[in-house]
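# Topology and contacts: notes
Read off the chains here:
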Amino acid sequence: MSYGAIELGQLNIQKGKYDVAFDILYDAAVNDQNDDALFLLTKMTFDGHLESEQMEKFYELQNGHTSIGNGYALFNVGLMHERGLGKVPQSYKTAVEYYLRAVKEEVKDAFCNLGNIYALGLGMEQGVPRDVELGIKYLTIGAHEGSRQCAFTLGSLYGKGEFIPLDLKKSFYFLSLAALQGHDQAKRVLHIFVHSHKENYDAEMDAAELQFGKIQNLRLLYKCV
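Parameters at a glance
Residues numbered from 1 in each chain as written. Predicted model: local features only at pLDDT ≥ 70, side-chain atom pairs only at ≥ 80, totals over all residues. Heavy atoms only, no water. Helix = DSSP H or I, 4+ residues; strand = E, 2+ residues; numbered from the N terminus. Expected span 1.5 Å × (residues − 1). Buried < 20%, exposed > 50% of the residue type's maximum accessible area, 1.4 Å probe, protein only. Arc of directions from axis to C-beta. Contact = heavy atoms within 4.5 Å. Core = buried A, V, L, I, M, F, W, Y, C linked by side-chain atoms within 4.5 Å. Axes fitted to C-alpha atoms, helices over the stretch in contact; angles between N-to-C directions. Parallel < 35°, antiparallel > 145°, perpendicular 65-115°, else oblique. Left-handed = near helix turned anticlockwise from the far one by under 90°. Nonpolar A, V, L, I, M, F, W, Y, C, P; charged D, E, K, R; others polar.

### A few points about helix α11 (residues 184-196)
The end-to-end C-alpha separation of α11 is 19 Å, in line with the 18 Å expected for 13 residues at 1.5 Å each. What α11 keeps buried is the set Ala186, Leu190 and Phe193. On an axial view of α11, the arc spanned by its buried residues comes to 60°, and they lie on one face. Of the residues in α11, the exposed ones pointing more than 90 degrees away from the buried face are Arg188, His191 and Ile192. Against α9 (148-160) and α10 (168-180) lie the buried residues of α11.

### A look at the nonpolar core
In this structure, Phe58, Phe75 and Tyr99 are the most contacted members of the largest nonpolar core, which totals 70 residues. Apart from the residues within four sequence positions on either side, Tyr99 is in contact with Phe75, Gly78, Leu79, Glu82, Ala110, Asn113, Leu114 and Ile117.

### Quick word on α10
With 13 residues, α10 extends 18 Å from end C-alpha to end C-alpha; this agrees with the ideal 18 Å at 1.5 Å per step. The element α10 is extensively covered by neighbouring structure, given that 10 of its 13 residues are classed as buried. Within α10 the residues assigned to the buried category are Leu168, Ser171, Phe172, Tyr173, Phe174, Leu175, Ser176, Leu177, Ala178 and Ala179. Structurally, α10 contributes buried residues whose contacts are with α8 (132-145), α9, α11 and α12 (202-218). Of the residues one or two after α10, Gly182 is the one with positive phi, at around 90°.

### Structural notes on the packing of helix α3 (residues 35-46) against helix α4 (residues 52-63)
Where α3 meets α4, the closest approach of the two axes is 12 Å, and the angle between their N-to-C directions is 135°. As the angle between them shows, α3 and α4 are arranged oblique. In this structure, α3 crosses over α4, and the sense of that crossing is left-handed. Taking contact as the criterion, the partners of Leu38, Leu41, Thr42 and Thr45 in α3 are, on α4, Phe58, Leu61 and Gln62. Considering only residue class, the contact of α3 with α4 consists of 4 nonpolar, 3 polar and no charged.

### Digging into the side chain of Thr42
Relative to the helices and strands, Thr42 is located in helix α3. A relative accessible area of 0% places Thr42 in the buried class.

See below:
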């Protein structure tokens, strides 16, 4: 049943039938305690495909699992607090607390959310200080462990040179690492990049391919939103 439910949920997501997908996946998450269902619901939350009532319902389910070391439950509750989704009040402080616990459970995308909050100073008005060095550290760890969103974010930051010094070599490397993992926006940015910056990036490409191979071998690409 669970395997069929996951496939059916994915099919409805692809068709844009998010209400149907939510019902199917939520049922599998509650009754079968299916991790794949929880992940897909988390991805739907991340992508903005859940309605307010659905997010509240899912929040209650996830919040009940955060005490037992469920990494994606921790990530999802953090995400809801960061964005103020549904009836959950926005709180960067609370989000950071959950993301820190999520990274300990090896949720790679939590590194990206943490990195953004610290590097970009997103929570400064709520008492979370900007720490660019710490933010870049989290993003780099996440990128090298399989978060394509971390890699894309780093590639963008190094390419713009707004919060950190401009470094086109690092920008190309991280954008390539994200693109190798199927990040569509990274592919588009990289296409523009190579036409705008006429340099030799063979060494960076080789390094990105080597790291991508390590990620594949360690199977860390699995379940990164």
